[in-house]
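Secondary and tertiary structure notes
Residues per chain, in single letters:
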Amino acid sequence: MLSWEHTPSLTPMQRDRAWVEIDRAALAHNVRQLKQWLSPKTDLMAVVKADAYGHGAVTIAQTALQHGATWLGVATIPEGIELREAGIQAPILLLGAANTAEQVRAIAQWHLQPTLCTAKQVLVFSEALDELSLPPLPVHLKIDTGMSRLGAPWQEAAEFAQRVQRAPHLRIASLYSHLATADDPDPTIMQLQHHRFQEAIAQVRAVGIKPPRLHLANSAATLADPKLHYDMVRVGLGLYGLHPAPHLTSTVALRPVLQVKARVTQVKAIAAGTGVSYGYKFIADRDLLLAVVGIGYADGVPRNLSNRLEVLIRGQRVRQIGAITMDQLMLDVSAIPDLQVGEVVTLLGQDGNDYLSADDWATSLNTISWEILCGFKHRLPRLTVNQEKREKSETGERVKDKG
Ligand SMILES: *Cc1c(COP(=O)(O)O)cnc(C)c1O
């Protein structure tokens, strides 16, 4: 049962404590499924901001591009630079705002494509680009149709587009907007936003400007309604194999890409009445067997799950007890009396026939799965696995190289 072999391609140092497994086959599957759901003329943008929602931006971006995504979306300039430094050449849309001349220079230097929302930005961009002799910079006009986040007011779309059109060093690459309630089963607000987007497009066209690309949909809108797809969809969560809402699970079959695992670092018996962890938020009501595990809230296991988390060992559900600490947490493993130090604990993912999902954590924390995924930061080494191949080779079937 000791399963060091279950984690191939790890150095001993990486697999001695806790890690994240990234299943590239699952990601490839999700990209292909999403592409199939789109019309052939709709591009798929892989949204890889926040280090690809905690999955590792470079690996995710490369894999998504190999399997059919053609654009990448990031939130910040350093996120874009990281992809460029890794040699990625696909167009990268900067979804966040840039407001300073220094940012403009970095955008131009690294061939990122910015989002513009205000007249002030048009001015800053024009002036900064004036000093560089470069071909016109492709820019994406963001229209606020009701999210009340970035964007020019939808009623002013035409005026804003004309302003950008007149600026000497800018070329309009797209017109886009973002939906606030695409994961809500009630489509009323989404339809209102869509209507405003259509209105903005019509106004922009009426002044003789034809944006080469229109886009509106995030994961939820992509799954909810093909009418929202336009020329490109911007998919984040769905790439990672989670569904934005229960009612959106039926259209595209997705597989979770990330699993979180850690090792048992100590096993000991404690007597009834013994307190466990900071604050004694758990006191044993009977003699029990306790396991210490090398993962904590600094790794992305939310402390608010203390005493509520369940994990898997040998395919069995086991209860977490006491406060989750920064680097370690404790389990009641009385049901596994021969548990050994070094055994693998699955916090998220598959073990045997059971599965633990980021959706479960999100539900018990009253938050969303997006936030859970983004919580897994750099301290956890990321191991890229290929679940399909591994399963095949484990059953002894020869893995064919499709060359
Ligand atoms: C993050 C983001 C997305 C992706 O959202 P998901 O719900 O994860 O698909 C799309 N568009 C914009 C503007 C975003 O900021």
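Cut-off values and rules
- Residues numbered from 1 in each chain as written.
- Predicted model: local features only at pLDDT ≥ 70, side-chain atom pairs only at ≥ 80, totals over all residues.
- Heavy atoms only, no water.
- Buried < 20%, exposed > 50% of the residue type's maximum accessible area, 1.4 Å probe, protein only.
- Helix = DSSP H or I, 4+ residues; strand = E, 2+ residues; numbered from the N terminus.
- Contact = heavy atoms within 4.5 Å.
- Axes fitted to C-alpha atoms, helices over the stretch in contact; angles between N-to-C directions.
- Left-handed = near helix turned anticlockwise from the far one by under 90°.
- Nonpolar A, V, L, I, M, F, W, Y, C, P; charged D, E, K, R; others polar.
- Near = heavy atom within 4 Å.
- Polar contact = N/O pair within 3.5 Å; in protein donor to acceptor, adjacent residues only side chain to side chain.
- Areas by Shrake-Rupley, 256 points an atom, 1.4 Å probe, with all protein chains shown as cover.
- pLDDT = per-residue confidence, 0-100.
- Domains from an automatic or database assignment.
- Pairing = 2+ DSSP bridges.
- Right-handed = clockwise from strand over helix to strand, strands pointing away.
- Phe/Tyr/Trp six-rings, centres within 6.5 Å; stacked < 30°, edge-to-face > 60°.

Let's talk about helix α3 (residues 57-66)
- Restricting attention to buried positions, one finds in α3 the residues A57, I60, A61, T63 and A64.
- Residues of α3 that are buried sit in contact with β1 (18-23), α1 (24-37), β2 (43-47), α2 (49-54), β3 (71-74) and α4 (77-85).

So, the packing of helix α5 (residues 101-109) against helix α6 (residues 119-130)
- Packing of α5 against α6 leaves a shortest axis separation of 9 Å and a crossing angle of 65 degrees. Crossing angle aside, the handedness with which α5 passes α6 is right-handed. Of α6, the residues touching α5 (which contributes A101, V104, I107 and A108) are V124, F125, A128 and L129.
- Broken down by class, the residue content of the contact of α5 with α6 amounts to 8 nonpolar, no polar and no charged.

Digging into the site of the ligand
- Neighbouring residues of the ligand: 13 residues in total, closest K49, Y53, S219, R234 and L237.
- At 2.6 Å, a side-chain N or O of Y53 approaches an oxygen atom of the ligand.
- Here an oxygen atom of the ligand and a backbone polar atom of L237 are 2.9 Å apart.
- Contact with the protein chains removes 93% of the 390 Å² of surface that the ligand exposes when unbound.
- Counting only elements with at least two residues in the shell around the ligand, the list comes to α2 and β10 (232-235).
- Looking at the shell around the ligand residue by residue, the classes come out as 6 nonpolar, 4 polar and 3 charged.

Section: the confidence of the model for the protein chain
- In the predicted model, the protein chain carries a mean pLDDT of 93, and the fraction of residues at 70 or more is 93%.
- Counting interchain partners and residues more than four positions distant, the pLDDT-below-50 stretch residues 1-7 has 15 contacts.
- The low-confidence segment residues 390-403, where pLDDT is below 50, has 8 contacts with residues more than four positions distant or belonging to other chains.

Description of the domain arrangement of the protein chain
- The domain boundaries assigned to the protein chain delineate domain 1 (24-240) and domain 2 (258-356).
- Relative placement of domain 1 and domain 2: their C-alpha centres are 42 Å apart.

Examining the pairing of strand β9 (residues 214-217)
- Direction of pairing for strand β8 (residues 170-176) relative to β9: parallel, over a ladder of 2 bridges. If you follow Y176 over to β9, its bridge partner there is H215.
- Where β9 and β10 come together, 2 bridges link them in parallel fashion. Paired with A217 across the strands is V233, a residue of β10.
- Between the parallel elements β9 and β10, the chain passes through helix α9 (residues 219-224) in a crossover that is right-handed.

Side note on the packing of aromatic side chains
- This structure, assessed with the given rule, holds 3 aromatic pairs.
- Between F197 and Y230, the aromatic rings sit 5.3 Å apart at their centres with planes inclined by 85 degrees, giving edge-to-face as the arrangement. With F197 in helix α8 (residues 188-206) and Y230 in the loop between α9 and β10, this pair connects stretches of sequence that are 33 residues apart.
- Assessed through its relative accessible area of 0%, F197 is described here as buried.
- Each ring, one from W361 and one from F376, has its centre 6.1 Å from the other, and the planes form 50 degrees; the classification is tilted. Here W361 is found in helix α10 (residues 358-365), whereas its partner F376 is found in the loop between α11 (369-374) and β20 (382-385), with 15 residues between them in sequence.
- For W361, a relative accessible area of 4% gives the class buried.
- The class of F376 is buried, set by a relative accessible area of 2%.

Quick notes on the environment of R382
- As for its placement among the helices and strands, R382 is situated in strand β20.
- A residue is classified by how much of its surface remains accessible, and R382, at 24% relative accessible area, is partly exposed.
- In this structure the C-alpha to C-alpha distance between R382 and P246, which are 136 residues apart in sequence, comes to 28 Å.
- Excluding its chain neighbours within four sequence positions, the residues that come into contact with R382 are V20, I22, D51, G54, H55, G56 and F376.
- Looking at R382, its side chain comes within polar contact range of the main-chain oxygen of G54, at 3.1 Å.

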